[in-house]
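# What the coordinates show
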Amino acid sequence: MTTAMLCRITVWTPVTDKDVAASTSLVRHLDSQTSAVSEWELVLATPGGGHVAALERMAARRPNVRVLVDDVDRAGAEGEWVLDLAADDRLEPTALSRLAALTSDAATEDVLVVRPERAGPDGTATPLVLTRRGGSGARRARGVEDERGAEVVVPVPLRGRRGPWAPDPAKVVPDVTARARWVDGMLELDGRAPLHAGGAARAELVLVGRHHHTVRSVPVDAFTVSGDDEDTEPGLEWSARIGVTPDDVDDELEVWLQVEPTDTDDEEGEGAPASHRSPLVGRVGAPAGLATEAPAVVDGRLVCARADQDALVIDVGATGRSLLGPLDPRQTSVVEDATGSLLTIRLPQLARHGHARVVRGALLLDGHTLPARLVVDDDPRVECRLAGLPGSAVLECSFGRGPAAATGCAVLVSRTGEFTVVAMRASDLSAVADDEGPGTRPRASGPVAALRRHLPHGVDPVVSKLSKVPAFRVAYRRVTGLR
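Residues numbered from 1 in each chain as written. Predicted model: local features only at pLDDT ≥ 70, side-chain atom pairs only at ≥ 80, totals over all residues. Heavy atoms only, no water.

## Let's talk about the overall build of the chain
Counting secondary structure elements, the chain contains 8 helices and 28 strands. By the burial criterion, 44% of the 483 residues in the chain qualify as buried. Summarising the internal contacts of the chain: among those between residues at least 6 apart in sequence, 64% fall at separations of at least 24. (Helix = DSSP H or I, 4+ residues; strand = E, 2+ residues; numbered from the N terminus. Buried < 20%, exposed > 50% of the residue type's maximum accessible area, 1.4 Å probe, protein only. Contact = heavy atoms within 4.5 Å.)

## Digging into the pairing of strand β25 (residues 381-386)
Most of β25 is tucked away, with 5 of its 6 residues classed as buried. Examined bridge by bridge, strand β21 (residues 340-346) and β25 share 6 bridges and lie antiparallel to one another. Its bridge partner lying in β25, Thr344 is registered against Glu383. Relative to β25, strand β24 (residues 368-376) is paired through 4 bridges, and the arrangement is antiparallel. Bridge pairing links Val375 to Arg381 in β25. Two successive antiparallel strands, β24 and β25, enclose a turn made up of 4 residues. (Pairing = 2+ DSSP bridges.)

## Section: the sheet that holds β25
Taken together, the 8 strands give an open sheet; going across it, the order is β20-β21-β25-β24-β23-β26-β27-β28, and neighbouring strands pair in antiparallel fashion. The two strands at the open ends of the sheet, each matched to only one other strand, are β20 (332-337) and β28 (419-423). Here the average twist between neighbouring strands, direction ignored, is 30°. In this sheet, strand β27 (residues 405-413) lies alongside strand β26 (residues 391-398) in antiparallel orientation, the contact comprising 7 bridges. Note that in β27 the partner of Ala393 across the bridge is Val411. (Axes fitted to C-alpha atoms, helices over the stretch in contact; angles between N-to-C directions.)

## What about the sheet that holds strand β6 (residues 128-132)?
Spatial strand order, β3-β2-β1-β4-β6-β5-β7: 7 strands in an open sheet with mixed pairing. Looking at strand neighbours, the two that pair on one side only are β3 (65-69) and β7 (149-154), the edges of this open sheet. Ignoring which end each strand starts from, the neighbouring axes of this sheet average 25° apart. Relative to strand β4 (residues 79-84), strand β1 (residues 7-14) runs parallel, the two sharing 5 bridges. The residue bridging Ile9 from the neighbouring strand is Trp81, located in β4. Sheet strands touched by helix α2 (residues 52-59): β2 (40-46) and β3. Its angle to β3, the strand with the most contacts, is close to 155°.

## Re helix α3 (residues 95-104)
What α3 keeps buried is the set Ala95, Leu96, Leu99, Ala100 and Thr103. Buried residues of α3, seen end-on, are gathered within an arc of 130° and therefore sit on one face of the element. Looking at the buried positions of α3, the neighbouring elements they touch are β1, β2, β4, β5 (111-116) and β6. (Arc of directions from axis to C-beta.)

## Some remarks on the pattern of salt bridges
Tallied over the full model, the rule gives 24 salt bridges. Notably, a salt bridge pairs Glu204 with Arg202, separated by 3.3 Å at the nearest N-O pair. Note that Glu383 and Arg373 form a salt bridge whose closest N and O atoms lie 3.0 Å from each other. Within this pair, whereas Glu383 is found in strand β25, its partner Arg373 is found in strand β24, the two being separated by 10 residues in sequence. Each of the salt bridges in this network shares a partner with another, and the network as a whole consists of Arg210, Glu252, Glu254, Arg283, Arg306, Asp308 and Asp315. (Salt bridge = Lys/Arg side-chain N within 4 Å of Asp/Glu carboxyl O.)

## Examining unusual backbone geometry
Positioned with a positive phi, Asp70 is a non-glycine residue whose angle comes to about 60°. Here Asp70 lies in the loop between β3 and β4. Judged by its relative accessible area of 57%, Asp70 falls in the exposed class. Look at Asp175: it is not a glycine, yet its phi comes out positive at around 60°.

## What to know about helix α1 (residues 20-30)
With 8 of its 11 residues buried, α1 lies for the most part within the structure. Every buried residue belonging to α1 is among Ser23, Thr24, Ser25, Leu26, Val27, Arg28, His29 and Leu30, and all of these are buried.

## Some details on the confidence of the model for the chain
Note that predicted coordinates carrying low pLDDT should not be read in detail. For the chain, per-residue confidence averages 77 on the pLDDT scale, and residues scoring 70 or more make up 72% of the total. Note on residues 1-5: pLDDT is under 50 here. Beyond four places in sequence and across chains, it has 18 contacts. When the criterion is pLDDT under 50, residues 426-440 qualifies, and its contacts beyond four places in sequence or with other chains add up to 22 contacts. (pLDDT = per-residue confidence, 0-100.)

Written as structure tokens, this is what we have:
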């Protein structure tokens, strides 16, 4: 449990067994607050239970998140003011900074009720209530009813959306694209959007969960307007970095770009922010002709950025699919020795962050499960001991939390037991590989494979019988140099 810290605001959130996923999402959501972490804390208040350990692991990674058990009187709150927030509530990124400024102006008030000037259709008009710690709440507990409160009206809601996020169809911008790559555990996006306006005053990314309807804002690090001459359509070049942590709830996160346009026709002159205009939004997709499949292991968790039709999706384990993506048969090798046939599939496309780890999983040959491991080090790879009868088998893999998924590869087993991994095509699967195997495919290596290739085809049945005689097995191991 993290040590408590004195601060301006304590966000108090009750958590039960049913609220663990929602509270995890809330913690990640509040990471986007612009207020310094020294100015506020989040207290996850729980009556106890099996979920406490999971909450404490999550709190240990953040200096301003604490877990309190059976603190009915809120004695553990360290903030000057306490803000009640449910696990499924959301706040705008600047909400805590603005609330802290409002509390600075409260000299004698013990309760501040903050409500927006205009009601919204999505629940964001519900007021936020701040209570001074040791103020009216404490006096009411002593039977003294002298509550001193004030209502503050702000021009825009400070609450975020609780329901599914849905942009205004009239403000949707098409053809927003981005290239994705993993750098130091962060997903870097470099994108472009057609800008049908005079410019952009502000830009941010909105991550929308397809399954849990979570909404998280990520600031755009840099953006510039290009092509504003008469011959070129204006466009917005932008870049952003998205972090994924082990605390994130399993979900598919769609990436949207939201742009606050500038108004060039108002009285304030060119480039003035158009505060009265709704922001432009566009679903981010992969550039045309570019296949996006960027897997990564972040602190032991397998994630993947991929193109799903017209959307760029960050998959953190909710789809029930393997997150490694298609495998390249040119990156495979099979080494045969006395212990069997070891298949190694190298994954140069796999990014990693954190300590080197081994992720357990499986490879499947026509549905038959073979234990495998994903080795995450300087040479990321999948390792698996192969077994199977002569013929061909579709190769699938299962890493992460989903069932097996196609790899785009197949395994051919020759009559002498040699394994070859090929791209899955009809021509590859229509015939069994011969003893020598196609010269263009990676061939098994090792003394066992070398000896096998020197055996005439007609002695296969005899060799199979002799392999069961102990004396011949000892002689075989001496000849091949195996011990």
